[in-house]
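Residues per chain are reported as follows:
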Amino acid sequence: MTTPEKVATLLKGTHWIIHAEAEGLTHADSLAQPEFGHNCFNWVLGHIVEGRSRMLSALDLPPALTEEQAARYRRDSEPVVDDDTAVALDTLLAALDDSQERLLAALETVTDETWQTIFSEAHDMTIGDRLDGLHWHETYHTGQLNILRQITQDDKVI
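Residues numbered from 1 in each chain as written. Predicted model: local features only at pLDDT ≥ 70, side-chain atom pairs only at ≥ 80, totals over all residues. Heavy atoms only, no water.

Enumeration over the complete set of coordinates arrives at 1 aromatic pair. Here tryptophan 136 and tyrosine 140 contribute two aromatic rings whose centre-to-centre distance is 6.2 Å and whose plane-to-plane angle is 20°, an arrangement assigned as stacked. Of this pair, tryptophan 136 and tyrosine 140 both sit in helix 7 (residues 127-150), separated by 4 residues, roughly a single helical turn. Residue classification places tryptophan 136 among the exposed residues on the basis of a relative accessible area of 57%. (Phe/Tyr/Trp six-rings, centres within 6.5 Å; stacked < 30°, edge-to-face > 60°. Helix = DSSP H or I, 4+ residues; strand = E, 2+ residues; numbered from the N terminus. Buried < 20%, exposed > 50% of the residue type's maximum accessible area, 1.4 Å probe, protein only.)

Structure representation (structure tokens):
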């Protein structure tokens, strides 16, 4: 069984990796389109932050992105291909940092009762299960950022 402390530790790890992958990238870099038909760095980062909004929501906290911003990065949304609909890279990183602070603070104080509260009866899922699953999802997309970074900055591969 996962614990709030374990999820907090995992969030610290992915947060560090995301910032390492974004280091030195410009907003324009984040929009570079991979040739292999994947979303760009900007979309993947926005999708990660949108997932963190779902984590915050499970803990009854306000989202990291506005509804309009989040809709741009939800599953099955159109790829970000230009600056017209993209949220600025700096804004996404600031939202990531904000979500990090608020999630870590909430995880320090969450009660066992809240952690074990049923989030979804249909899936027999607790709030703790939901946060653990959303973090797993975050790790999947965090790994994609390295490849997406490489298409813009071959000399700065981590």
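Further notes follow.
Under the 1.5 Å per step criterion, the end-to-end length of helix 3 (residues 41-58) is 26 Å for 18 residues, consistent within 8% with the ideal 26 Å. With 16 of 18 residues buried, helix 3 lies mostly within the body of the structure. Just beyond helix 3, the residue with positive phi is aspartate 60, at close to 60°. (Expected span 1.5 Å × (residues − 1).)

Structurally, histidine 15 can be placed in helix 1 (residues 4-22). Residues within four places of histidine 15 in sequence aside, it is in contact with Arg52, Leu96, Asp97 and Gln100. (Contact = heavy atoms within 4.5 Å.)

Now for a negative patch on the surface. On the surface, Glu121, Asp124, Asp129 and Asp132 cluster together into a negatively charged patch. On the secondary structure map, glutamate 121 appears in the loop between strand 1 (118-120) and strand 2 (125-126). (Patch = residues over 30% accessible without salt bridge, like charges linked within 9 Å, V, L, I, M, F, W, Y side chains within 5 Å. Areas by Shrake-Rupley, 256 points an atom, 1.4 Å probe, with all protein chains shown as cover. Salt bridge = Lys/Arg side-chain N within 4 Å of Asp/Glu carboxyl O. Lys, Arg positive; Asp, Glu negative; His and termini not counted. Charge placed at Lys NZ, Arg CZ, Asp CG, Glu CD.)

In the contact formed by helix 3 and helix 5 (residues 89-109), the axes pass within 10 Å of each other and the chain directions differ by 25°. Considered as vectors, helix 3 and helix 5 are oriented roughly parallel to each other. Helix 3 and helix 5 meet at a crossing whose hand is left-handed. Of helix 5, the residues touching helix 3 (which contributes Phe41, Asn42, Leu45, Gly46, Ile48, Val49, Arg52, Met55 and Leu56) are Leu89, Leu92, Leu93, Ala95, Leu96, Ser99, Gln100, Arg102 and Leu103. Class assignment of the residues belonging to the contact of helix 3 with helix 5 gives a composition of 12 nonpolar, 4 polar and 2 charged. (Axes fitted to C-alpha atoms, helices over the stretch in contact; angles between N-to-C directions. Parallel < 35°, antiparallel > 145°, perpendicular 65-115°, else oblique. Left-handed = near helix turned anticlockwise from the far one by under 90°. Nonpolar A, V, L, I, M, F, W, Y, C, P; charged D, E, K, R; others polar.)

A few words now on the nonpolar core. Membership of the largest hydrophobic core comes to 41 residues, with the highest contact counts inside it found for Phe41, Leu45 and Leu131. Looking at this core, the elements with two or more residues in it are helix 1, helix 3, helix 5 and helix 7. Sequence-distant contacts of leucine 131, defined by excluding residues within four places in its chain, comprise Met55, Ala58, Leu59, Leu107 and Trp115. (Core = buried A, V, L, I, M, F, W, Y, C linked by side-chain atoms within 4.5 Å.)

So, about a nonpolar patch on the surface. Among the surface-exposed residues, Phe36, Ile147 and Ile151 lie close enough to one another that they form a single nonpolar patch of about 280 Å² accessible area. You can see phenylalanine 36 is positioned in the loop between helix 2 (27-30) and helix 3. A relative accessible area of 51% places phenylalanine 36 in the exposed class.

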